[in-house]
Amino acid sequence: MGIIHIEGMEFFAFHGLLEEEQKTGNRFVVDLKLEVDFTKAAETDDIQGTVNYQEVHELVKKEMYEASKLIEHVAKRIQTSVLREIKGVQSLEVKVIKFRPPVKGIIEKVSVVLKS
């Protein structure tokens, strides 16, 4: 068993509770940690024995471009999609980061982490 990190997937999306956020959008970053048995790929140099990063990115992109009020909801949709569509993923950690949330105060970013 091994770990694949896919980090720093950037998106401009329209998640947020406030109407303003849903209209103007914001910058988000998604990081994934996938537990996968990629022994076959390591031995054979064949993509069939591991996870195709492009396929994972496409799933994440699809979920990121569907607007939600909460990044917790977005993280759950990403988790469900990856576990359903990508064969061989034993467990998954999804981190969704939102930059400069509109609050009364200065916050650089907020993030949620969902583990399966």
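This structure is a prediction, so every number in the text was calculated from the model and none was measured. (Residues numbered from 1 in each chain as written. Predicted model: local features only at pLDDT ≥ 70, side-chain atom pairs only at ≥ 80, totals over all residues. Heavy atoms only, no water.)

Things to note about the nonpolar core
Then step 1. Core analysis: the biggest nonpolar cluster contains 26 residues, and Val-30, Leu-32, Leu-34, Val-60, Met-64, Ile-78 and Val-96 have the highest contact counts within it.
Then step 2. Those residues in contact with Leu-34 that lie beyond four places of it in its chain are Gly-2, Ile-3, Ile-4, Ile-6, Val-82, Val-89, Ser-91 and Leu-92. (Core = buried A, V, L, I, M, F, W, Y, C linked by side-chain atoms within 4.5 Å. Buried < 20%, exposed > 50% of the residue type's maximum accessible area, 1.4 Å probe, protein only. Contact = heavy atoms within 4.5 Å.)

A look at the side chain of His-15
Then step 1. Relative to the elements of secondary structure, His-15 occurs in the loop between β1 (2–13) and α1 (19–24).
Then step 2. When its relative accessible area of 1% is taken as the criterion, His-15 is described as buried.
Then step 3. Among the polar contacts listed, one links the side chain of His-15 to the backbone oxygen of Met-64, at a separation of 2.9 Å.
Then step 4. Sequence-distant contacts of His-15, that is, excluding residues within four places in its chain, are made with Glu-21, Phe-28, Glu-63, Met-64, Glu-66, Ala-67, Ser-68, Lys-69, Val-74 and Lys-98. (Helix = DSSP H or I, 4+ residues; strand = E, 2+ residues; numbered from the N terminus. Polar contact = N/O pair within 3.5 Å; in protein donor to acceptor, adjacent residues only side chain to side chain.)

Here we look at the pairing of strand β3 (residues 89–99)
Then step 1. Burial analysis of β3 places eight of its eleven residues in the buried class, which makes it a mostly covered element.
Then step 2. Pairing between strand β2 (residues 26–36) and β3: nine bridges, direction antiparallel. When the sheet's bridge partners are listed, Val-30 is paired in β3 with Val-96.
Then step 3. Judged from the seven bridges that link them, β3 and strand β4 (residues 109–115) form a sheet pairing that is antiparallel. (Pairing = 2+ DSSP bridges.)

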